[in-house]
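What follows is each chain in one-letter form.
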Amino acid sequence: MTGYNSKGDVATGNGNHKNSAKGQANGKKTAEYADRESDAMCSRDCCAGKSGSPNKSGNACAENKQSDGNPVVVPTPQSLLNSDNRIQCYLTPEEFRALRVMNEDTYPYEVIQEIADFIVKGSGMRPKIGIICGTGLGSLADLIQDAKVFEYEKIPNFPVSTVEGHAGKLVVGTLEGVNVMAMQGRFHFYEGYPLAKCSMPVRVMKLCGVEYLFATNAAGGINPKFAVGDIMLMHDHVNMLGFAGNSPLQGPNDPRFGPRFPALVNSYNRDLINKAIEIGKAMGIESNIHVGVYSCLGGPTYETIAELKALRMMGVDAVGMSTVHEVITARHCDMKVFAFSLITNKCSIEYSDKKDDEANHEEVMAVAKIRQKACCELVSRLIADIQKTM
Ligand SMILES: O=P(O)(O)O[C@H]1O[C@H](CO)[C@@H](O)[C@H]1O
């Protein structure tokens, strides 16, 4: 992040000079922000006055009066400056740290460790399997018994879910006798989170003790043999965001998680894929199970016909806006990965005027709702199988 100059010994501000003195008297820690723009910011006549020089204590705009007749005082960059031309704002040390973490692209190991400790302590268990529920597939977490539920808002330093179909809860408990943790709601690049933040929970899982990542998603089927409602077991991916120079592992590498240059061949565990195929047969849905290649685009737009044609030429079978960065993060820290796509819509590569041929999120969620039972059964049977080997 840019612009931080933490001295850690003076206070921080809420934009009010009176509180500034109080904060220091209270012994609060201070973050000082180097002032980069000391010139007047407001050019409105009502605020700048005839001389063009704004009121130092804020913009007392005469045009905007409060009900008691006093002018509304709007804090301005000028009103936040102290005599050294440094901006002051009041924050507790905890708030300051949280603000830092929120604004950093990557999470330090210690912060991830703290989140993991919070979850392990709060749930009283160390999960072995981590599940990420795709759009509309949150019911995977409903399978969990003796569940302890953590809302993302209440987990320190955790991002929040903003997408419909992603509840924003972490559920910890047992499934088929195995300790698991499931994310009901993942983070996507298009929500504005950098990729390292989108996949940060995978590192939390690792530090909680997770050995297996189960990542699920809703995806558009590009392979013409796929039907809506089919399940594609991922055996490889094409990382389009990576092609564009974006990686969850960008930035300094912390070797406590993994190596600087991790290999990604064989990222998707073959034994688990084979087991899932067997389970599909036992469930009588073998004709709905495929093995294929997933690609993640940045979204939030669905793909153009030209993009879909290009993806198909590259060998992509299903397309979505997630999962790949989670898998990269999991492989970096040596987790075993199993992932599948529920095909929620077919991606036609023919130009058409029909609205029905366009992908839309309502359809994606509706198909996920219809097929969630089959997805749940596949996941629980696979976990039951892993349990036998533990
Ligand atoms: O990948 P998940 O989270 O399952 O969701 C998929 O569905 C949404 C689009 O409908 C996108 O977020 C896409 O990535």
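Basis of the calculations
Residues numbered from 1 in each chain as written. Predicted model: local features only at pLDDT ≥ 70, side-chain atom pairs only at ≥ 80, totals over all residues. Heavy atoms only, no water. Helix = DSSP H or I, 4+ residues; strand = E, 2+ residues; numbered from the N terminus. Buried < 20%, exposed > 50% of the residue type's maximum accessible area, 1.4 Å probe, protein only. Contact = heavy atoms within 4.5 Å. Areas by Shrake-Rupley, 256 points an atom, 1.4 Å probe, with all protein chains shown as cover. Near = heavy atom within 4 Å. Polar contact = N/O pair within 3.5 Å; in protein donor to acceptor, adjacent residues only side chain to side chain. Nonpolar A, V, L, I, M, F, W, Y, C, P; charged D, E, K, R; others polar. Disulfide = S-S within 2.5 Å. UniProt positions renumbered as here; feature names shortened; annotations may be inferred. Pairing = 2+ DSSP bridges. Core = buried A, V, L, I, M, F, W, Y, C linked by side-chain atoms within 4.5 Å. pLDDT = per-residue confidence, 0-100. Axes fitted to C-alpha atoms, helices over the stretch in contact; angles between N-to-C directions. Parallel < 35°, antiparallel > 145°, perpendicular 65-115°, else oblique. Left-handed = near helix turned anticlockwise from the far one by under 90°.

1. Thoughts on the overall build of the protein chain
The secondary structure content of the protein chain amounts to 11 helices and 13 strands. Looking at the 390 residues of the protein chain, the share that counts as buried comes to 48%. Here the contacts in the protein chain between residues at least 6 apart in sequence split such that 77% fall between residues at least 24 apart. Per element, the accessible surface of the protein chain, about 19,000 Å² overall, is 50% carbon and sulfur.

2. Some remarks on the site of the ligand
Of all residues adjacent to the ligand, which total 13 residues, the nearest are Thr-135, Tyr-190, Tyr-302, Ser-322 and His-361. Between the ligand and Ala-218 there is a distance of 2.9 Å, counted from an oxygen atom to a backbone nitrogen or oxygen. Here an oxygen atom of the ligand sits 2.6 Å away from a polar atom, N or O, in the side chain of Tyr-302. Taken by itself the ligand offers 350 Å² of open surface, and the protein chains cover 96% of this. Contributions of two or more residues to the shell around the ligand are made by β9 (212–221) and α11 (361–389). For the shell around the ligand, a count of residues per class yields five nonpolar, seven polar and one charged.

3. Let's talk about the state of the cysteines
What the rule picks out here adds up to zero disulfides. Cys-133 takes part in no disulfide bond, and the closest cysteine sulfur to it belongs to Cys-376, at a distance of 8.3 Å. Its relative accessible area of 0% is what places Cys-133 among the buried residues.

4. Let's talk about the UniProt feature "domain: Nucleoside phosphorylase" (unreviewed entry) in the protein chain
Per the UniProt record, the feature "domain: Nucleoside phosphorylase" (unreviewed entry) sits at residues 128–384. In residues 128–384, the share of helix is 28% and the share of strand is 26%. The end C-alpha atoms are 13 Å apart.

5. Digging into unusual backbone geometry
Here Gly-299 and Pro-300 are connected by a cis peptide whose omega angle stands at -5°. Phi is positive for Asp-146, close to 50°, though the residue is something other than glycine. The topology assignment puts Asp-146 in strand β6 (residues 145–151). Overall, Asp-146 belongs to the exposed group, its relative accessible area being 70%. In this structure, Asn-157 is a non-glycine residue whose phi angle is positive, near 65°. By secondary structure assignment, the location of Asn-157 is in the loop between β6 and β7 (169–175).

6. Notes on the pairing of β9
In terms of residue burial, β9 counts as a mostly covered element, since 10 of its 10 residues are buried. Pairing of strand β5 (residues 129–132) with β9 involves four bridges; the strand directions are parallel. Paired with Ile-131 across the strands is Phe-214, a residue of β9. Here β9 runs beside strand β12 (residues 318–320); their pairing, made up of two bridges, is antiparallel. Counterpart to Gly-220 in the pairing with β12 is Val-319.

7. Overview of the nonpolar core
In terms of nonpolar packing, the biggest core is built from 87 residues, with Ile-131 and Phe-214 touching the most fellow members. Filtering out sequence-adjacent residues up to four positions away, Ile-131 remains in contact with Leu-140, Leu-175, Met-181, Ala-182, Met-183, Met-205, Phe-214, Val-379 and Ile-383. Membership of the second largest hydrophobic core comes to nine residues, among which are Val-293, Leu-297, Leu-308 and Val-319.

8. Description of the confidence of the model for the protein chain
Across the protein chain, the average pLDDT comes to 84, with 80% of residues at 70 or higher. Model confidence for the complex is summarised by a pTM of 0.79, with the ipTM given as 0.99.

9. Let's talk about the side chain of His-290
Within the fold, His-290 resides in strand β11 (residues 289–296). His-290 gets classed as buried once you look at its relative accessible area, which sits at 16%. Within the local environment of His-290, its side chain forms a polar contact with the side chain of Asp-230, the two groups lying 2.7 Å apart. Dropping the residues within four chain positions of it, His-290 is found in contact with Lys-225, Phe-226, Asp-230, Ile-231, Met-232 and Leu-233.

10. A word on the packing of helix α4 (residues 109–123) against helix α6 (residues 200–208)
At a minimum axis distance of 8 Å, the contact between α4 and α6 shows a crossing angle of 60°. Comparing their axes, α6 and α4 come out oblique. For α4 against α6, the interelement crossing comes out right-handed. In contact with Tyr-109, Ile-112, Gln-113, Ile-115, Ala-116, Ile-119 and Val-120 of α4, α6 contributes Met-200, Arg-203, Val-204, Leu-207 and Cys-208. The class makeup of the residues in the contact of α4 with α6 is 10 nonpolar, one polar and one charged.

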